[in-house]
Every structure is written in structure tokens, then in C-alpha cells.
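Tertiary structure, described
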Amino acid sequence: MDSVGVAAAAPDAGPGPAWQSKCPWGAPSTTSISCSLADVMSEQLAKELQLEEESAAFPEVVAAAEGPFITGENIDTSSDLMLAQMLQMEFDREYDAQLRREEKKINGDSKVSISFENYRKVHPYDSDSSEEEVDWQDTRHDPYRADKPTTTPKRGFIGKGKDITTKHDEVVCGRKNTARMENFAPEFQVGDGIGMDLKLSNQVFNALKQHAYSEERRSARLHEKKEHSTAEKAVDPKTRLLLYKMVNSGMLETITGCISTGKESVVFHAYGGNATEDKVIPPECAIKVFKTTLNEFKNRDKYIKDDYRFKDRFSKLNPRKIIRMWAEKEMHNLTRMQNAGIPCPQVVILKKHVLVMSFIGQDQVPAPKLKDVTLSSEDMKKAYYQILHMMQRLYRECNLVHADLSEYNMLWHDGKVWLIDVSQSVEPTHPHGLEFLFRDCRNVSQFFQKGGVAEALNERELFSAVSGLNITADNEVDFQAEIEALEKMNEDHVQNHGKKLSTFSSDGDPPIYDE
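Residues numbered from 1 in each chain as written. Predicted model: local features only at pLDDT ≥ 70, side-chain atom pairs only at ≥ 80, totals over all residues. Heavy atoms only, no water.

A look at the pairing of strand 3 (residues 252-261)
Looking along a regular strand, one sees the side chains alternate between the two faces of the sheet. Examined bridge by bridge, strand 3 and strand 4 (residues 265-272) share 7 bridges and lie antiparallel to one another. Within the sheet, the bridge partner assigned to Ser 260 lies in strand 4 and is Val 267. Linking strand 3 back to strand 4 in an antiparallel pair, the connection comprises 3 residues. (Pairing = 2+ DSSP bridges. Helix = DSSP H or I, 4+ residues; strand = E, 2+ residues; numbered from the N terminus.)

Below, the structure written as C-alpha cells:
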């Protein structure tokens, strides 16, 4: 036996262990096919290898790409137009082949597939796909959808003689009205009237059209009211986001619920959070959320448009800004009262139309209003003199008139009276400031006179005691006439000098009434 035969038979000799024949670390026993350098550099070999790879991956694409236009046989290439058409056809075929590759890559083995049929550039005389391969869902024509009624020509009629049909025909108009229902809003369900060959008269179609427009406007109003307004005991999403931020920042620990509702605001109770270096957070807070609906603010612009602090910023054309100005105005008024030592809520922070104040009460129970509490004669007399002193200090030191002072806006807590709701408070130099002060004096005087306080002054005496103005009038009509004359004189002074200086003549400081 020669050496070659022994070497060839050597690997098969002896039953060796299995790990030797299947060792993962061993070199693979592959036989390399030797070829010359000229074969490797051959373009024909490279093209054959490329065609083999494409046929293995996309056999149908390669079959479709092969055609007489590639070789150019039996084609007259002397014409430039023919050459351009051949090049364009070849480009279109390559583009369509690329689209098919993308389809196969995206779809894969999925049961639901997408198609780029509408984007292909297949020419009608050189279509690569047969009619059976195109599904009806890939076309623009739906065989299960009823055809829309044909339109009447411009001449207004079709047919001749007895078979003439005008555009006013009942059947034609009915089908047109049915087709027009598709233009209604998506929320208005009209059904498949065309498929049922429904014929609507003009009267019915106009009624449906008007109803669809009404429902669309109503849904828009309800959506806007839900998104941009504060309900009776709820808040809109924007206000809710402000409250969430206050809780997340640690300013508030938790918001327990609603404690009071009014014409222009909703008040919530909350527990205070961690105090900061520049802010002292009380243990219990009251969150006053001004309602963003404009119903209660339409007729209350007189309290703010003539206030010199907000006169330049007031805009009748943008009423939503007025709501934020109400909250800002109450914050400034409470700050003045707090600096003067008048019992009132302490301002914590103002965010847009949300005002956080200290809570007047204890353990989530708000302090009762003066109209709801039953006081003894001593406490009633004490409360009267407290209110009288607060009105004088509010007028003299704070330079403010409450403008809505009554038993509904005064709380009884810790044996004394607290003033709340000062968003409408104005300065005495306001064009209606003295009228508001006289109305406050009337409310306070009537309440305490009904409560049995013998020392209670009437409205004119209380007005003179608070303001210190020397008005000598015997009846209420003349008294109010003099007040209007003083307001007119002050308004003329403002227009002439451009300053808010009071021109009211008084006989010194108003008298202080003690118990």
C-alpha cells in the first residue's frame, strides 16, 4: 500500500472517542476550491454570483426583471426616443423591484400585509402582475359600496321627449340629499342611506342638517365648559394641575374637600406643608378658587375698571384676565388689612386664579358666619363695636371700602369678628366708593338693630362716624345726593390733575366710639 492510501485511510482507522470527532475547538475540515486570480477578477463571474444571490432571496423579482429590454436584442436602438424609453422602463422595473423588497421586508410572515401597489410605476403594456394577483381592496373601486348618484348636466335635464328628467325630479333630489348626508359631522350617525337607496325630501334633509349643526355647536360648548370652566363644586383640569403642583412641591400636604361655594369662587380646605425660608405655611389653609365662568363677572366690572391700581390693565375685550385680576386684587387688599392689624385671613401664595390663605376655623370646621351664630347681648354689643372700629381703620389706615360688607362676609372666631371676601373692595376715591360705603353702613346698621343692640347707629350716623365727612342732610335722599356730589367733585379733580387725591372735606379724624 502506498503512502497516499495509508494517509487517506488513517482518519477512519480505529474507533476513537466522540469528543475527538466533534471537538468545537478543532479547525473545520473544509475543502477549498482553488481558482485562479483571473477568474476572481472576472466581471462575468461576479454577475453570476449576484444573480444567484438575488434568485435565492427574491426569485420572483429576478424573473420579472429579466426581459428583452435588458439585452436589447431585436430592438432598433438607432432612435434616441427608443433608447430613452428603454432606459425609463429599466428604471421603473428597478424601482418596482425595490418596492417589492420593501413589502417582503415589512410584511414577513404576518397575516396582515401592506401593499405599495399604488406607488408602483408599472406601464399598462408591461405589467408584472396579473389581474388575479391584485385584490379588490388594493384598488380604488369597492364593489360592495353603492355608487353615488350621477349629477345632472349643466343644462338641467337629461333625456328626450317623454323620458326627460329635470334636476327638480323627486327621486333625483332624494338621492342627492342622501349623498349630502355624508358631509355631516362624524359624531352625527347617518347610516348607509346610499346602499339602501334612501330618498330624502328637501324638508327632511334641511331639518337633519340644522339638527346636525345644532348638535355640533352644543357639543363644542359642553366640551369648552368642561375643559375651561370651574363647576359648582369641582375644578377644571388647569386648576387641578395647579393644585397638584402645590401638593407635589410640599407647600400643601393634602386637600380635604370643599367647604364653601359662592357666586364667584369655591373654597377648599387643605393642610399646610413644610414652611420655607421666606414663607410661613399655617397648619390649615383655605384655597379660594375663582370660577372661570364669566356669568358672575359680566356686571361686576365697575369694581375694578375705575380702580387706579388696575385701570391700565383692565380690558373689556378680554374678560378672562379680569378673573385673575380679581384674585390679585383680593391678595393686595388682604395684605393692606393684615398690615393694619385687622383680623382677616393671611395670604400664603397666589397662582393665577387660585389664592391660598390661612384657614379661619379649626379641624376642618370653618368659623360660622355672623348671620348663623347665636350671640348673647354682651357678645352682640362687643361684635358691633369691633366692626365699627374695623370699618374706621379700613377707611383711614388701609384706604379701603369693603363694598360688600354684611353679616354674610363676617366670621365669628375666637371671640372676635373676622372680615373675609374683599376682592371687590375699592378705595374711597373710587367714582362709586362713597356709595359702596353708605351701602355697607346700611347693612351693618340694620343687622345690629335687628339683633337688639341699642347703641347701634343708623346708616347716616355710621357713615359720618366712619368717613368723618360733614354731611348735614335731614333725609336719606338729600344725603345720597350730597354723596354723589362729592364723588363728582373727586372725579373732576382726578381728570384735571391726574392724581388720586381725595378732595373730601372733613372735620378732623372721625370720632372713635367706645363701649
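Let's pick the thread back up.
Looking at helix 8 (residues 170-180)
Within the span of helix 8, buried status applies to Cys 173, Gly 174, Asn 177, Thr 178 and Ala 179. N-cap assignment for helix 8: the residue whose side-chain oxygen lies 3.1 Å from the backbone N of Val 171 is Asp 169. (Buried < 20%, exposed > 50% of the residue type's maximum accessible area, 1.4 Å probe, protein only. Polar contact = N/O pair within 3.5 Å; in protein donor to acceptor, adjacent residues only side chain to side chain.)

Points about the packing of helix 12 (residues 377-396) against helix 13 (residues 433-450)
Contact pair helix 12 / helix 13: the axes reach a minimum separation of 11 Å and the direction vectors enclose 170°. Relative to helix 13, helix 12 is oriented roughly antiparallel. Two secondary-structure elements touch here, helix 12 through Met 380, Ala 383, Tyr 384, Ile 387, Met 391 and Tyr 395 and helix 13 through Leu 434, Leu 437, Cys 441, Val 444, Phe 447 and Phe 448. Looking at side-chain class alone, the contact of helix 12 with helix 13 contains 12 nonpolar, no polar and no charged residues. (Axes fitted to C-alpha atoms, helices over the stretch in contact; angles between N-to-C directions. Parallel < 35°, antiparallel > 145°, perpendicular 65-115°, else oblique. Contact = heavy atoms within 4.5 Å. Nonpolar A, V, L, I, M, F, W, Y, C, P; charged D, E, K, R; others polar.)

Focus: the side chain of Ser 445
Relative to the helices and strands, Ser 445 resides in helix 13. In this structure Ser 445 comes out as buried when scored by relative accessible area, which is 0%. Among all residues touching Ser 445, those that are not within four sequence positions of it are Leu 457, Asn 458, Glu 459 and Leu 462.

With respect to the nonpolar core
Side chains of a nonpolar character, in soluble globular proteins, are inclined to be buried together. With 59 residues, the main nonpolar core has Ile 387, Phe 448 and Phe 463 as its most contacted residues. Among the elements of the structure, helix 11 (319-339), strand 7 (354-358), helix 12, strand 10 (410-413), strand 11 (416-419), helix 13, helix 14 (459-467) and helix 15 (476-497) are those that each provide at least two residues to this core. No other element matches the 10 residues that helix 12 contributes to this core. If near-sequence neighbours (up to four positions away) are discounted, Ile 387 is found in contact with Leu 370, Met 410, Val 417, Val 444 and Phe 448. Core analysis: the second largest hydrophobic core is formed by 17 residues, Leu 243, Met 246, Cys 285 and Val 348 among them. (Core = buried A, V, L, I, M, F, W, Y, C linked by side-chain atoms within 4.5 Å.)

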